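Chains, contacts and geometry: an overview
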Amino acid sequence: MIVFDKVWFSYGINHVLKDISFTVSENERVAILGESGEGKTTILKLILGLIRPDAGKIIIDGEDITNKTEDELREVRMKFSIVFQEGALFDSLNVKENVAFCLREYSKLSEDEIDHKVRELLRIVGVEHAIELMPDELSGGMHRRVAIARSLAACEPKMFLYDEATTGLDPVNADIICKLILDLSKNGRGLILVTHKIFDAVKIAERFMFLKDGIILFDGDKEELVHSTVSEIQIYLNEVSLSCKANKSGG
Amino acid sequence: MKIKELISELQDFYLLSARGLLGAVKKPFYLKDMIEQMDYAGAGSFVIIFLVSIFTGMALSLQLSAELSSLGLKMYTGKVVGISIIREIGPVTAALVYAGRVGSGIASELGSMILGHQIDSLRVFGVDPMKKLVTPRILSSIIMLPALTIIGDVVSLCGGYYIAVFVSHQSGTFYWSSIRDVLTFENVFAGSVKPFIFGYLIACISCYMGLSTKGGSKGLRKSTTRAVVVSIVMIIVSDFILTRILLYVLGFSV
Ligand SMILES: Nc1ncnc2c1ncn2[C@@H]1O[C@H](COP(=O)(O)OP(=O)(O)OP(=O)(O)O)[C@@H](O)[C@H]1O
Ligand SMILES: [Mg+2]
């Protein structure tokens, strides 16, 4: 369970988060929506303890992580699996070694078993053919999918965090990744999806938060989202209804 | 405000230097990374150290034999060349070359890892970047720079020999015997303490600069430049301080 309790965060004089509070339980599928630069990525970084809040508390499974040392944070981070916005693959390792990184670090699998596991993970995300390539030889979508495969290799996470998992992908690939994300959290494992593509968010999430000017402007389920009167959300929703209409007239 | 920033930067630097070294005695150990680093830093620097050393030795020997022969003291060439190479020039040139080649490499590699969020990835996977990245670099520098310095010293002395014998027409046996006279415990000790400290300094400074990179490719340029410049200045300054301390400890009077 993740609890944000009156969290403030700023980069220098840029106040990114102002008094944010929310609770996300372990098996919830949450989407954090918001415009570019509103601090969505910042929230994920705070959850993982990569940055520390200026004020307030972040409690994960009953433990306050705000003052933990790097060593203590390791256990907290093990509970999550994250796909960064940029993928953040290790650019001096090829795809196979990237995916195998965690396996080598934490398991005592033999070389054959690692190879087998890596191929299996790459098959799940559909980029098995790219196993020998270097990260800078991948397309944007492949990059993202390899990053997802790598995050799956991390030891059994309780929750998944996705930062813009579908942004910048064509609709077909975005759909594939949405399905993949849903599949992965089938057995009750929750996820937090950060995105500004509401279209993908409604496919995956059951609860939505809308971030604006450092505060949470909206927090509710799909029903409430559709009937929300917040003007920014209306703009987002228009986009969805437009594409629905296009779908209908097209087919 | 400036002073406060400076102090907190210095504090971060000391923490990195201490924790990087502590990583050598605390699990987990990343032996593979260390061997890779030693290969890159040590074996990879061999050719350039060889070239720089041989020409330094030859230039020094040439200059000294010209100067000394006008005083009629040509036979001292070996002794002076020996002392200056073993105690001063050898360790300092090797360290300067090392800072230029390996220090800049460390800073730019770590810097681009920071910019590509790869360090964040490491931390998320529960890997301590200090142990995985900094410790292997510090240890390999502490091991490889002294090794390179010894090789450089030998090569320089051979360069000096070539000039003394074939250009300045001195006796080769005498040259080597005066070199052997110079190889006393004090001289060798003074010359071999330095590279350990230089190696540690270069690795810590470069890792620190690399890890504090921010601001895109311009930031990377800045941190790489800073790594080399600060390393070079620190090598020269600490060389002076070390020379002073060593002369005092070994009981020389100035
Ligand atoms: N390392 C940093 N240093 C300084 N400011 C930063 C840094 N990272 C982010 N910011 C600032 O913090 C704010 C929030 O950034 P964040 O990355 O959380 O946005 P985001 O909501 O994820 O945006 P996007 O949808 O574009 O990914 C932005 O205004 C950004 O300028
Ligand atoms: Mg973001």
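As the structure is a computational prediction, the values presented were derived from the model and not from experiment.

Residue and element names in this part refer to chain A. All of the protein donors around the magnesium ion (ligand 2) are Thr41 (OG1) and Gln85 (OE1); their distances to the metal are 1.9 to 2.3 Å. In this pair, Thr41 is assigned in helix H1 (residues 40–47) and Gln85 in the loop between strand E6 (80–83) and helix H3 (95–106), connecting sequence segments 44 residues apart. Note on Thr41: relative accessible area 24%, which makes it partly exposed.

Residues and elements named next belong to chain A. Pairing is antiparallel in the open sheet, where four strands are placed in the order E2-E1-E4-E5. The sheet is open, and its two edges are formed by strand E2 (14–24) and strand E5 (63–64), each paired on a single side. The pairing of strand E1 (residues 2–11) with E2 spans seven bridges and is antiparallel. Residue Ile2 lies in a different strand from E2, and its bridge partner there is Val24. Along the sheet face, H1 touches E1, E2 and strand E4 (55–60) and points at about 120° away from the line of E1.

This brings us to the state of the cysteines. All names here are of chain B. Following the criterion strictly, the structure yields zero disulfides over all chains and no others. Between Cys207, a free cysteine, and Cys204, which holds the nearest cysteine sulfur, the sulfur-to-sulfur gap is 6.9 Å. For Cys207, a relative accessible area of 0% puts it in the buried group.

This paragraph deals with the packing of aromatic side chains. Throughout the structure, instances matching the rule amount to 14 aromatic pairs over all chains. Where Phe185 of chain B meets Phe189 of chain B, the ring centres are 5.5 Å apart and the plane angle is 20°; that geometry is what we call stacked. Taken together, the positions of Phe185 of chain B and Phe189 of chain B, both in helix H8 (residues 185–211) and four residues apart, correspond to about one turn of that helix. A residue is classified by how much of its surface remains accessible, and Phe185 of chain B, at 58% relative accessible area, is exposed. Classification of Phe189 of chain B by relative accessible area gives partly exposed; the value is 33%. Ring pairs connect the aromatic residues Phe90 and Phe101 of chain A together with Phe125 of chain B, which therefore count as one cluster. One Lys or Arg, Arg87 of chain B, reaches over the ring of Phe252 of chain B and ends 5.0 Å from the middle of that ring.

As a further point, take the interface of chain B and chain A. On the side of chain A, 21 residues touch chain B, which itself brings 15 residues to the contact. Here chain B meets chain A over a buried area of about 1800 Å², counting both sides, of which 55% is carbon and sulfur. On the chain B side of the contact with chain A, Arg123, Val124 and Phe125 of chain B bury the most area, a combined 40% of that side's loss. Two residues, Arg123 of chain B and Glu70 of chain A, come together in a salt bridge whose shortest N-O distance is 2.7 Å.

Attention shifts here to the site of ligand 1. Residue and element names in this part refer to chain A. Surrounding ligand 1, one finds 14 residues, the nearest of these being Ser36, Lys40, Thr41, Thr42 and Gln85. Residue Gly39 places a main-chain N or O atom 3.0 Å away from an oxygen atom belonging to ligand 1. Glu164 places a polar side-chain atom, nitrogen or oxygen, 3.1 Å from an oxygen atom of ligand 1. When residues of the shell around ligand 1 are traced back to their parent elements, those giving at least two are E2 and H1. Among the elements that take part in the shell around ligand 1, H1 stands out by supplying three residues, more than any other. Each residue belonging to the shell around ligand 1 can be placed in one class, and the counts come to two nonpolar, eight polar and four charged.

In this section: the confidence of the model for chain B. With 100% of its residues at a pLDDT of at least 70, chain B reaches an overall mean of 93. Scored by ipTM, the complex comes to 0.82, with pTM at 0.87.

It is worth spelling out the packing of helix H4 (residues 77–115) of chain B against helix H7 (residues 172–182) of chain B at this point. All names here are of chain B. Running from N to C, H4 and H7 point in directions that differ by 45°, and their axes come no closer than 8 Å. Looking at the two axes, H4 sits oblique to H7. The element H4 and its partner H7 pack so that their crossing is right-handed. Residues Gly78, Lys79, Val81, Gly82, Ile83 and Ile86 of H4 pack against Tyr175, Ser178, Ile179 and Val182 of H7. Its residues assigned to classes, the contact of H4 with H7 comprises six nonpolar, three polar and one charged.

Parameters and conventions
- Residues numbered from 1 in each chain as written.
- Chains lettered and ligands numbered in written order.
- Predicted model: local features only at pLDDT ≥ 70, side-chain atom pairs only at ≥ 80, totals over all residues.
- Heavy atoms only, no water.
- Donors = N, O, S within 2.8 Å, 3.2 Å for Na, K, Ca; no water.
- Helix = DSSP H or I, 4+ residues; strand = E, 2+ residues; numbered from the N terminus.
- Buried < 20%, exposed > 50% of the residue type's maximum accessible area, 1.4 Å probe, protein only.
- Pairing = 2+ DSSP bridges.
- Contact = heavy atoms within 4.5 Å.
- Axes fitted to C-alpha atoms, helices over the stretch in contact; angles between N-to-C directions.
- Disulfide = S-S within 2.5 Å.
- Phe/Tyr/Trp six-rings, centres within 6.5 Å; stacked < 30°, edge-to-face > 60°.
- Lys NZ or Arg CZ within 6 Å of the ring centre and 35° of its normal.
- Buried area = accessible area lost by both parts, 1.4 Å probe.
- Salt bridge = Lys/Arg side-chain N within 4 Å of Asp/Glu carboxyl O.
- Near = heavy atom within 4 Å.
- Polar contact = N/O pair within 3.5 Å; in protein donor to acceptor, adjacent residues only side chain to side chain.
- Nonpolar A, V, L, I, M, F, W, Y, C, P; charged D, E, K, R; others polar.
- pLDDT = per-residue confidence, 0-100.
- Parallel < 35°, antiparallel > 145°, perpendicular 65-115°, else oblique.
- Left-handed = near helix turned anticlockwise from the far one by under 90°.

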